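Next come the chains, spelled out residue by residue.
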Amino acid sequence: MSNPAPAIPPYATMLGFTRYVARTGPAKATFVGGLRRQRERRTGFNPHSQLVKALKADIAFRTGGSYLEGVTALVKDRWKPLYEAVSAGALTYLTSLGAPDEVGLAQTREAIATVGPLAVKINPHFGIRYAGNRREAVRLHFDEQPPTPEVITATLHLMTRHMDQILPSAEAVLVDVRRGVTYRRDPAAKTADIERWLAGEAAAFSSMWTTTTAA
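One numbering rule holds for all chains: residues counted from 1, following each sequence as written. For a predicted model such as this one, the threshold for reporting local features is a pLDDT of at least 70, and the threshold for listing and counting side-chain atom pairs is 80 or more; totals across whole chains, interfaces and linings nevertheless cover every residue. Think of the side-chain values as coming from all heavy atoms in the structure, minus any hydrogens and water.

Thoughts on the packing of aromatic side chains
Part 1 of the argument: The pairing test for Phe, Tyr and Trp rings, Trp by its six-membered ring, is centres within 6.5 Å, and the orientation test on the planes gives stacked under 30 degrees, edge-to-face over 60, and tilted for anything in between. For the structure on display, the rule yields 5 aromatic pairs.
Part 2 of the argument: Their ring planes at 90° and their centres at 5.1 Å tell us that Tyr-20 and Phe-205 sit as a pair that is edge-to-face. With Tyr-20 in helix α1 (residues 14-21) and Phe-205 in helix α8 (residues 191-214), this pair connects stretches of sequence that are 185 residues apart.
Part 3 of the argument: A simple rule labels every residue: compare its accessible area, found with a 1.4 Å probe on the protein chains alone, to the largest value its type can have, and call it buried under 20%, exposed over 50%, or partly exposed in between. Tyr-20 gets classed as buried once you look at its relative accessible area, which sits at 0%.
Part 4 of the argument: Given the relative accessible area of 0%, Phe-205 is considered buried.
Part 5 of the argument: Relative to Tyr-67, the ring of Phe-61 lies with its centre 6.1 Å away and its plane at 35°, an arrangement referred to as tilted.
Part 6 of the argument: Judged by relative accessible area, Tyr-67 falls into the partly exposed class, the value being 39%.
Part 7 of the argument: Three or more aromatic residues joined by ring pairs make a cluster, and in this case those are Phe-17, Tyr-20, Phe-205 and Trp-209.
Part 8 of the argument: Arg-23 extends its terminal NZ or CZ atom over the ring of Phe-31, reaching a point 4.1 Å from the ring centre.
Part 9 of the argument: By the criterion adopted, a ring carries a charge over it if an Arg CZ or a Lys NZ lies within 6 Å of its centre and within 35 degrees of its normal. Arg-134 extends its terminal NZ or CZ atom over the ring of Tyr-130, reaching a point 4.0 Å from the ring centre. Counting from the N terminus, the helices are DSSP H or I runs at least four residues long and the strands are E runs at least two residues long.

Structural data, given as structure tokens:
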């Protein structure tokens, strides 16, 4: 008799979990099922990697956007419309950082968060170091729609919660790349309320993951 395949424990990247909390109704279960299948098959592709590299190169080499301006020509034809849609906003964000000679990259690390029963991988795209040693850990949002309040709150909270591991003493930042808009944590936000909300969402996520596996 063949042994059944071992169950895959519930798991999400920060991107997957924050997209999940922004959904409602049956769409949540459908989304979790898709994430579980990706995890099971070890599939996934990041179409934005070249843009992230170009943005980081412009910051690191203080080139004022020359890498971003040229990146669309380097990607395959199928990705050119996407890069055309996001590169202008990325340039807006780059300009917002200030004088190139006063900004540089900072090394970030990933962290694994425990949210209720769920393991969530916290993975900023890069860190920024300003003159005077002020630092930011940056996560980029590429979706066609602007980030919802739920996505903003969950992303910034999870990054802030693990900042000692990610980039000590840094501020968490979420950048809507398409629109060049930067979001920071609301200082009036109540941490305990956010923790309870995320724990409840994580419990539901884990239940859906297990139910889908059993099905």
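Considerations on the sheet that holds strand β7 (residues 171-176)
The strands that make up a sheet are held in pairs by hydrogen bonds between backbone atoms, and each pair lies either parallel or antiparallel.
Part 1 of the argument: With respect to topology, 5 strands assemble into an open sheet ordered β2-β5-β6-β7-β8, the strand pairing being mixed. In the strand order of this sheet, the two ends are held by β2 (103-106) and β8 (181-184), each with one partner. On average, each strand axis in the sheet is tilted by 35° relative to the strand beside it, whichever way the strands run.
Part 2 of the argument: Inspection of the sheet shows β2 paired to strand β5 (residues 126-130) by 4 bridges, in the antiparallel sense. Looking at the pairing, Ala-106 lines up with Gly-127 of β5.
Part 3 of the argument: Packed on one face of the sheet, helix α3 (residues 49-61) meets β2, β5 and β6 (135-141) and runs near 125° to β2.
Part 4 of the argument: Note on definitions: a residue-residue contact is assigned when non-hydrogen atoms from the two residues lie within 4.5 Å. Lines fitted to the C-alpha atoms define the axes, with helices restricted to the stretch that makes contact. Angles between their N-to-C directions range from 0 to 180 degrees. The sheet contacts of helix α6 (residues 149-161) involve β6, β7 and β8, and relative to β7 the element is tilted by about 150°. Two strands pair under a simple rule: DSSP has to find at least two bridges between them.

Re the packing of α3 against helix α5 (residues 80-96)
Part 1 of the argument: It is at 11 Å that the axes of α3 and α5 come closest, and there the two elements cross at 25°. It follows that α3 is roughly parallel to α5 by the angle criterion. Read as a crossing pair, α3 and α5 show a hand that is right-handed. Counted together, Ser-49, Gln-50, Leu-51, Leu-55, Asp-58 and Ile-59 of α3 and Tyr-83, Val-86, Ser-87, Ala-90, Tyr-93 and Leu-94 of α5 form the full contact between these two elements. By the definition adopted for this analysis, an angle is roughly parallel if under 35 degrees, roughly antiparallel if over 145, roughly perpendicular if from 65 to 115, and oblique otherwise. Note on convention: near helix rotated counterclockwise from far helix by under a right angle means a left-handed crossing. Clockwise means right-handed.

With respect to the nonpolar core
Part 1 of the argument: In this structure, Phe-17, Val-120, Ile-122 and Phe-205 are the most contacted members of the largest nonpolar core, which totals 33 residues.
Part 2 of the argument: Looking at this core, the elements with two or more residues in it are α1, α2 (26-41), β3 (111-115), β4 (118-122), α6, α7 (163-166), β7 and α8.
Part 3 of the argument: Among the elements that take part in this core, α6 stands out by supplying 6 residues, more than any other.
Part 4 of the argument: Excluding its chain neighbours within four sequence positions, the residues that come into contact with Phe-205 are Tyr-11, Ala-12, Phe-17, Tyr-20, Val-32, Leu-35 and Leu-118.
Part 5 of the argument: In terms of nonpolar packing, the next biggest core, distinct from the first, is built from 25 residues, Val-52, Val-71, Leu-82 and Val-138 among them. As used in this record, nonpolar core signifies buried Ala, Val, Leu, Ile, Met, Phe, Trp, Tyr and Cys residues forming a set joined through side-chain atoms within 4.5 Å.

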